Amino acid sequence: MNTIPNVPYRLEFSVEVPGTPEQVWQAIATAKGMSAWFLPTEMEEREGGSLHFSMGPEMGSDGHVTGWDPPRRIAYEEDWAALMGKDPDALSPLTSEFLVEARSGGTCVVRVTSSGFGTGADWESEFWEDMGANWMPFFDNLRLYLAHFPGQEAAQLEATASHPGDAQGLWSTLHEALGLGEEGAAVEIRGATGRVERVGERQALVRLTAPVPGMLTVFAYGESAGTATAGVRAYLFSADAADYVRREEPAWENWLEGLVGTTLNHTAGHPVQPASTT
């Protein structure tokens, strides 16, 4: 069987964000900046430097910086084969490039390109389709970060829970339980107040104002074998953020576990009874 990677894949898009090129560079080309709107990141900030994105307990993506031209261009490669548990010779590295272009009026356009080579397997096409859908909401985070928290360091809170069922049904349950409205609506979520900034397909972005300022993403997605996952990820910006995460993260995990446990009853037509928020 020929496993030489020769089938090209490519994802390309542009986003306009507030800020100077230097502010945008800090957000997309430093460990502190990437961790404040994307995933917890470790990076040696230079060409040839190592790179690691943390995707959860004992899961992450490793790579290295291949291009470094502040504040205009950064490029890096990730070990796509290792990430997917495939033969090292079956897949090329996953290459990403960010180009920053200043615009008048205090904004920049960030042009993002990711590419790689595979063997044409069905799962590879699915990977690239999912990659675009899963990655784009993070750039809503980037816009919000640069608009309200540029240069600040984030403490991250994340909680997820999985359950057999349908992703859309789980999202409806999560959306209702958290009282998420339309874009622009004021919300109170488990004692935190804020404003809904963006609503997408099975995901929403909230700018938190109290008790800790920050950003909260709420999402649901389907997994294999009829399992769906609900989750929240918060990026919090204040001196009190780390203590807030230590206190609230277990409570969020318990609440989500209780919520998704009601999903089967909910889809069968029974009322939803979310776990206590205390």
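Residues numbered from 1 in each chain as written. Predicted model: local features only at pLDDT ≥ 70, side-chain atom pairs only at ≥ 80, totals over all residues. Heavy atoms only, no water.

Draft legend 1. Inspection of the sheet that holds strand S9 (residues 186-189) at higher detail. An order of S8-S13-S12-S11-S10-S9 is seen for the six strands of this open sheet, with the pairing classed as antiparallel. One side of each edge strand has no neighbouring strand; the edge strands of this open sheet are strand S8 (155-164) and S9. Strand after strand, the sheet turns through a mean of 25° between neighbouring axes, direction not considered. Relative to strand S10 (residues 192-200), S9 is paired through four bridges, and the arrangement is antiparallel. (Pairing = 2+ DSSP bridges. Helix = DSSP H or I, 4+ residues; strand = E, 2+ residues; numbered from the N terminus. Axes fitted to C-alpha atoms, helices over the stretch in contact; angles between N-to-C directions.)

Draft legend 2. Geometry of the environment of leucine 180. For leucine 180, the location among the structural elements is in the loop between helix H5 (167-178) and S9. A sequence separation of 19 residues divides leucine 180 from valine 199, and the C-alpha atoms of the two residues are 9.1 Å apart. Ignoring any residue separated from it by four or fewer positions in sequence, one finds leucine 180 in contact with Trp171, His175, Val187, Ile189, Ala204, Val206 and Val218. (Contact = heavy atoms within 4.5 Å.)

Draft legend 3. Quick peek at the side chain of glutamate 78. Here glutamate 78 is to be found in strand S5 (residues 73-78). Of the side chains with opposite charge, arginine 233 lies nearest to the buried glutamate 78, which makes no salt bridge, at 14 Å. Apart from residues no more than four positions distant in its own chain, glutamate 78 is found in contact with Phe53, Ser61, Asp62, Gly63, Pro93, Leu94 and Ser96. (Buried < 20%, exposed > 50% of the residue type's maximum accessible area, 1.4 Å probe, protein only. Lys, Arg positive; Asp, Glu negative; His and termini not counted. Salt bridge = Lys/Arg side-chain N within 4 Å of Asp/Glu carboxyl O.)

Draft legend 4. Local environment of helix H6 (residues 241-261). For H6, with 21 residues, the first-to-last C-alpha span of 29 Å sits near the 30 Å given by 1.5 Å per residue. The largest bend in H6 is about 35°, located at glutamate 248, with the proline proline 250 one to four residues further on. Of the residues making up H6, those classed as buried are Ala241, Tyr244, Val245, Glu248, Trp252, Trp255, Leu256, Leu259 and Val260. (Expected span 1.5 Å × (residues − 1). Bend = angle between axes of the 7 residues up to and from the residue.)

Draft legend 5. Representation of the packing of helix H1 (residues 21-28) against helix H4 (residues 122-148) in the model. It is the contact of H1 with H4, at a shortest axis distance of 11 Å, that shows an interaxial angle of 130°. One way to sum up the angle between H1 and H4 is to call them oblique. Crossing geometry of H1 relative to H4 is assigned as right-handed. For the pair H1 and H4, the contacting residues are Gln23, Val24, Gln26, Ala27 and Ile28 in the first and Leu142, Tyr145 and Leu146 in the second. (Parallel < 35°, antiparallel > 145°, perpendicular 65-115°, else oblique. Left-handed = near helix turned anticlockwise from the far one by under 90°.)

Draft legend 6. Summary view of the packing of aromatic side chains. Tallying each qualifying case throughout the model produces 23 aromatic pairs. Consider the rings of phenylalanine 13 and tryptophan 135, whose centres lie 5.9 Å apart with planes at 90°: the pair is edge-to-face. Taken together, the residues phenylalanine 13 in strand S1 (residues 7-18) and tryptophan 135 in helix H4 connect sequence positions 122 residues apart. Of the two residues, phenylalanine 13 and tryptophan 135, neither departs from the other in class, the shared state being buried. Summarising the aromatic geometry, the rings of tryptophan 252 and tryptophan 255 are spaced 5.8 Å apart at their centres and angled 80° between planes, so their arrangement reads as edge-to-face. Here the residue tryptophan 252 and the residue tryptophan 255 both occupy positions in helix H6, the gap between them amounting to three residues, near one helical turn. For the pair tryptophan 252 and tryptophan 255, a shared accessibility class is recorded, and that class is buried. Grouping aromatic residues by their ring pairs yields a cluster made of Phe13, Trp37, Phe38, Phe53, Tyr76, Phe98, Trp135, Phe138 and Phe139. We note arginine 190 situated over the ring of tryptophan 252; from NZ or CZ to the ring centre the distance is 5.1 Å. (Phe/Tyr/Trp six-rings, centres within 6.5 Å; stacked < 30°, edge-to-face > 60°. Lys NZ or Arg CZ within 6 Å of the ring centre and 35° of its normal.)

Draft legend 7. Spatial organisation of the nonpolar core. By size, the foremost hydrophobic cluster in this structure holds 48 residues, and its most contacted members are Ile28, Trp37, Phe98, Trp135, Phe139, Tyr145 and Met215. The element contributing the most residues to this core is H4, with 10 residues. The next biggest cluster of nonpolar side chains, apart from the first, holds 34 residues, and it includes Ala167, Leu178, Val206 and Leu216. (Core = buried A, V, L, I, M, F, W, Y, C linked by side-chain atoms within 4.5 Å.)

Draft legend 8. Geometry of the pattern of salt bridges. Counted by the stated rule, this structure contains 14 salt bridges. Among the ionic pairs, aspartate 140 bridges to arginine 143, the shortest N-O distance being 2.7 Å. Of the two residues, aspartate 140 and arginine 143 are both situated in helix H4; the distance of three residues between them amounts to about one turn of the helix. A salt bridge links glutamate 158 to arginine 233; its shortest N-O distance comes to 3.2 Å. Highlighted residues: glutamate 158 in strand S8 and arginine 233 in strand S13 (residues 227-236), separated in sequence by 75 residues.

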